[in-house]
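Chain and residue survey
Chain by chain, the residues run as shown.
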Amino acid sequence: MDNNVPSVNQSDRQVPINLRQSGPTPVEMLIDTRVRKSPYWELTMQEGCWRASIYNRMYHPRGYVSREDGGMMAEYQSLVNDVTLWNVAVERQIQVKGPDAEAFVNYVITRDATKIPVMRARYVILCNEAGGILNDPILLRVAIDEFWFSLSDTDLMLWLQGVNVGKGFDVTIAEIDVSPVQVQGPKSVDVIADLVGEEGRTLPSYGLMEAQVGGHDVIISQTGFTGEKGYEIYLKDSTKYAEDMWNAVLAAGIPYNLKVVAPSHHRRIAAGILSWGQDMDFETYPFQVNLAYQVPRKKEADYIGKAKLEAVREQIAAGTAPFRTQLVGLLVGGKPITDYAPDFWLVSATSGGDPVGYVTSPWYSPELEANIAMAHVPVEGSALGTEYWVQLPEPFADTPGEPVRAEVVEMPFRASVNPNQRERLKMNGLDAAV
């Protein structure tokens, strides 16, 4: 094997994760018309956005406060103490509408769509026939015959349309001109209430409401990519009305010290929230990444991947899991990790041993005064308290070239304002959602 290719056993994957350690490559992102700009793109530039990535073929703002002024950790303080506004228009909305909408959605998600009330949302997953996770969107039921998939980072519309070529459900499937923003943080409830009235203050977790913001129609949900109190505002006809809605939120946020920031991966890691493409992908089973609860035991209807997922569950129960790694939480030594990791940092079982796993999502937690991370480690070494060693690069290593100690701990790392479904099921001694 090439010395640049780590020795982590990935023989259960068709396409291994690239674990070469190339570091922060000095390269300028090309801005051109091949990748879309969201309706909020120019507005985020006005707020000081200085870096971006690509998500669902759209530019995705990933930083506003300069490194010299505190960078992502300064943005984090606004999130956990006040209120923040995020441009997340990259979460494209795929509408499924028609007489067979419920039946179609029930066929493509693992959970039971028939139990989702109108004007409620759910966190769901869609799997392929092999049981791999295709996407983990928020699913909004906005009418009896209409659902919106609010996507993570994959071309799910093409999959949904392809499925229906063969199945022939009486539905239309299309991207719609709806672009969300997130309003997140402890004072988000005050901003939303000032925008739409007291009904916004009492909106339940995963609840939906129709309203107007900036004089235009929106759907508001109490959801978000953090463990903090938070909402998403889905603006209809967003290409026309982006400025009106955006500026209305900014104005409502002035009394509460609202700041425009990038999505807070440090807080979502602390809450145990997964990021598709980092923590999981097409070749990942739900059982590998703490999503076993998304595979129901009592759903009678067929769905894509059902036979495979039920077989995998039986294999796990028999002690013969068909995968090599399990996603775990790690407390990690070293200096504070205060920015995004450019590589999947390598994990070894001993301080001088060969790599056996890799870190997917690391950050520093000010509340825990420690680095926290999600990591894929061998299934047989995933028990709480297991010791590992992580090869951190400069400037995060205590001593350059020497690994730091890590320990498997419980996820989430800290409590959420609204515990997710996995947390609630665990509290009740259950392992599957409906």
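Residues numbered from 1 in each chain as written. Predicted model: local features only at pLDDT ≥ 70, side-chain atom pairs only at ≥ 80, totals over all residues. Heavy atoms only, no water.

**Some details on helix 9 (residues 306–317)**
Rule in force here: Secondary structure elements are defined from DSSP: runs of H or I of at least 4 residues count as helices, runs of E of at least 2 residues count as strands, and each element is numbered from the N terminus. Helix span, expected: 1.5 Å multiplied by one less than the number of residues in the helix. Residue contacts are defined here by distance: any two heavy atoms, one from each residue, within 4.5 Å place the two residues in contact.
With 12 residues, helix 9 should reach 16 Å at 1.5 Å per residue; the first-to-last C-alpha distance of 17 Å fits that figure. Check the buried side of helix 9 and you find it contacts strand 6 (126–127). Directly after helix 9, the chain includes Gly-319, whose backbone phi takes a positive value near 85 degrees.

**Observations concerning the pattern of salt bridges**
The following threshold applies: In what follows, salt bridge is the name for a side-chain nitrogen of Lys or Arg lying within 4 Å of a carboxyl oxygen of Asp or Glu.
The tally for this structure, following the rule as stated, stands at 19 salt bridges. One salt bridge in this structure joins Lys-187 and Asp-82, with 2.7 Å as the shortest N-O distance. Taken together, the residues span a long stretch of sequence, with Lys-187 in the loop between strand 11 (178–184) and helix 5 (188–196) and Asp-82 in the loop between helix 2 (71–81) and strand 3 (84–87) at a distance of 105 residues. Bridged by salt links that share partners, the residues Glu-228, Arg-267, Glu-367 and Arg-414 form one connected network.

**Describing empty space enclosed by the protein**
Quick note on the threshold: Lining residues are defined by having an atom within 4 Å of a point belonging to a cavity or pocket. Those points lie on a 1 Å grid over the protein atoms alone, cavities being sets where a 1.4 Å probe fits but cannot get out and pockets being open sets with protein on both sides within 12 Å along at least five of seven lines. Grid points are joined across faces, edges and corners, and a volume is the space filled by probe spheres set on the points. Amino acids are sorted into nonpolar (Ala, Val, Leu, Ile, Met, Phe, Trp, Tyr, Cys and Pro), charged (Asp, Glu, Lys and Arg) and polar (every other residue, Gly among them).
In total, this model carries four cavities of 30 Å³ or more according to the counting rule given. One number sums up the size of the largest cavity: a volume of about 150 Å³. Taken together, 17 residues make up the lining of the largest cavity; nearest its centre are Arg-13, Ile-17, Thr-284, Tyr-358 and His-376. Considering only residue class, the lining of the largest cavity consists of four nonpolar, eight polar and five charged.

**Looking at a nonpolar patch on the surface**
Note the threshold: Like-charged residues within 9 Å of one another, or nonpolar side chains (Val, Leu, Ile, Met, Phe, Trp, Tyr) within 5 Å, are grouped into patches, provided each residue has over 30% relative accessible area and no salt bridge. Surface accessibility in these figures is a Shrake-Rupley result with a 1.4 Å probe; residues are shielded only by whichever protein chains are displayed.
Judged by side-chain polarity, Met-29, Ile-31 and Ile-54 come together as a nonpolar surface patch covering roughly 240 Å² of accessible area. Locating Ile-31 in the fold gives a position in the segment before helix 1 (41–46).

**Notes on the domain arrangement of the protein chain**
Where the parts come together, the accessible area they lose is often given as the size of the interface. Selection criterion: Source of the domain bounds: an automatic or database domain assignment. Take the accessible area each of two parts loses on contact, using a 1.4 Å probe, and add the two losses: that sum is the buried area. In the analysis that follows, any N or O atom pair within 3.5 Å is treated as a polar contact, provided that within protein one partner can donate a hydrogen and the other can accept it, and provided that, for residues neighboring in sequence, both atoms belong to side chains.
Along its sequence, the protein chain is carved into domain 1 (1–25 + 324–433) and domain 2 (178–256). Look at where the C-alpha atoms of domain 1 and domain 2 centre, and you get two points 34 Å apart. In this complex, domain 1 contributes four residues to the contact, which on the side of domain 2 involves five residues. Around 410 Å² of area is buried between domain 1 and domain 2 when both sides are counted, 41% of it from carbon and sulfur atoms. Run the count over domain 1 and domain 2 and you get one salt bridge. Notably, a salt bridge pairs Arg-414 with Glu-228, separated by 4.0 Å at the nearest N-O pair. The interface formed by domain 1 and domain 2 contains zero residue pairs in polar contact (both at pLDDT 80 or more). Of the residues assigned to the side of domain 1 that touches domain 2, the class counts are one nonpolar, two polar and one charged.

**With respect to the nonpolar core**
Applicable threshold: Residues enter a nonpolar core if they are buried and are Ala, Val, Leu, Ile, Met, Phe, Trp, Tyr or Cys, with the set joined through side-chain atoms within 4.5 Å. Buried means the residue's accessible area, taken with a 1.4 Å probe over protein chains only, is under 20% of the maximum for its type, while exposed means over 50%, and partly exposed covers the values in between.
Counting residues in each nonpolar core, the largest one holds 76 residues, and the members touching the most others are Tyr-40, Leu-85, Leu-140, Ile-220, Ile-233 and Leu-291. Per element, the largest residue contribution to this core is seven residues, and it comes from helix 7 (residues 238–253). Built from parts of two domains, this core gets at least three residues from each of domain 1 (1–25 + 324–433) and domain 2 (178–256). Listed in part, the 24 residues of the second largest apolar core include Phe-147, Leu-151, Leu-160 and Ile-173.

**Topic: the sheet that holds strand 13 (residues 216–221)**
The line we're drawing: By definition, two strands form a pair when at least two bridges between them are found by DSSP. Axes here refer to lines fitted to C-alpha atoms; in helices the fit is confined to the stretch in contact. Angles between the N-to-C directions go from 0 to 180 degrees.
A sheet is described by the order of its strands in space; here six strands give the open sequence 12-13-14-11-3-15, paired in mixed fashion. Edge positions in the sheet fall to strand 12 (208–213) and strand 15 (259–260), since each of these pairs with one other strand and no more. Taken together, the seven bridges between strand 11 and strand 14 (residues 230–236) define a ladder with antiparallel strand orientation. Each residue of the ladder has a partner; that of Pro-180, found in strand 14, is Tyr-234. Helix 2 rests against strand 3, strand 11 and strand 15 of the sheet, and its axis sits at about 120 degrees to strand 3.

**Thoughts on unusual backbone geometry**
In this structure, Pro-395 follows Glu-394 across a cis peptide bond, with omega equal to 10 degrees. By the secondary structure assignment, Pro-395 is in the loop between strand 20 (387–390) and strand 21 (404–409). Residues Met-411 and Pro-412 are joined by a peptide bond in cis, for which omega reads 0 degrees. Considering the arrangement of structural elements, one finds Pro-412 in the loop between strand 21 and helix 10 (421–427). Positive phi outside glycine occurs at Asp-237, with the angle close to 50 degrees. Along the chain, Asp-237 turns up in the loop between strand 14 and helix 7. On the accessibility criterion, Asp-237 (40% relative accessible area) is partly exposed. Of note, Asn-257 is a non-glycine position whose phi angle comes to about 60 degrees, a positive value.

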